[in-house]
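Structure assessment
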Amino acid sequence: MRARLEQAEHDADRYYAEMCRRTALAEPTVPGPTFSEISRARGEDDRAVRHEATMDRMFPQYAGARA
């Protein structure tokens, strides 16, 4: 079990180092449709409403702001 833990920690360190090594994009990418928009397009309006309510609870500073 200890060997597995040490390997997992080693892997996590490698992944973190790789993430930090990469440079950020010069231009922000254009965001695609939101999860709520995709759900509504599929006819899942109730799912979209639940998702929006969850996001509003998690990020109250943006509550009600829609793109």
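Here the structure is shown first, and the text comes after it.
The rules behind the values
- Residues numbered from 1 in each chain as written.
- Predicted model: local features only at pLDDT ≥ 70, side-chain atom pairs only at ≥ 80, totals over all residues.
- Heavy atoms only, no water.
- Helix = DSSP H or I, 4+ residues; strand = E, 2+ residues; numbered from the N terminus.
- Buried < 20%, exposed > 50% of the residue type's maximum accessible area, 1.4 Å probe, protein only.
- Contact = heavy atoms within 4.5 Å.

1. Digging into the side chain of Ser 39
You can see Ser 39 is positioned in helix H2 (residues 35–41). On the basis of relative accessible area, Ser 39 is assigned to the buried category, the value being 1%. Leave out the neighbours within four places in its chain, and Ser 39 touches Glu 44, Asp 45, Arg 47 and Ala 48.

2. Thoughts on the side chain of Ser 36
As for its position among the elements, Ser 36 is in helix H2. Its relative accessible area of 4% is what places Ser 36 among the buried residues. Residues in contact with Ser 36, not counting those within four places in the same chain, are Ala 48, His 51 and Glu 52.

3. Quick word on the environment of Ala 41
In this fold, Ala 41 is placed in helix H2. Assessed through its relative accessible area of 69%, Ala 41 is described here as exposed. Here the alpha-carbon distance between Ala 41 and Ala 63, two residues 22 residues apart in the chain, equals 22 Å.

Without other data, these values stay purely geometric and don't point to any function.
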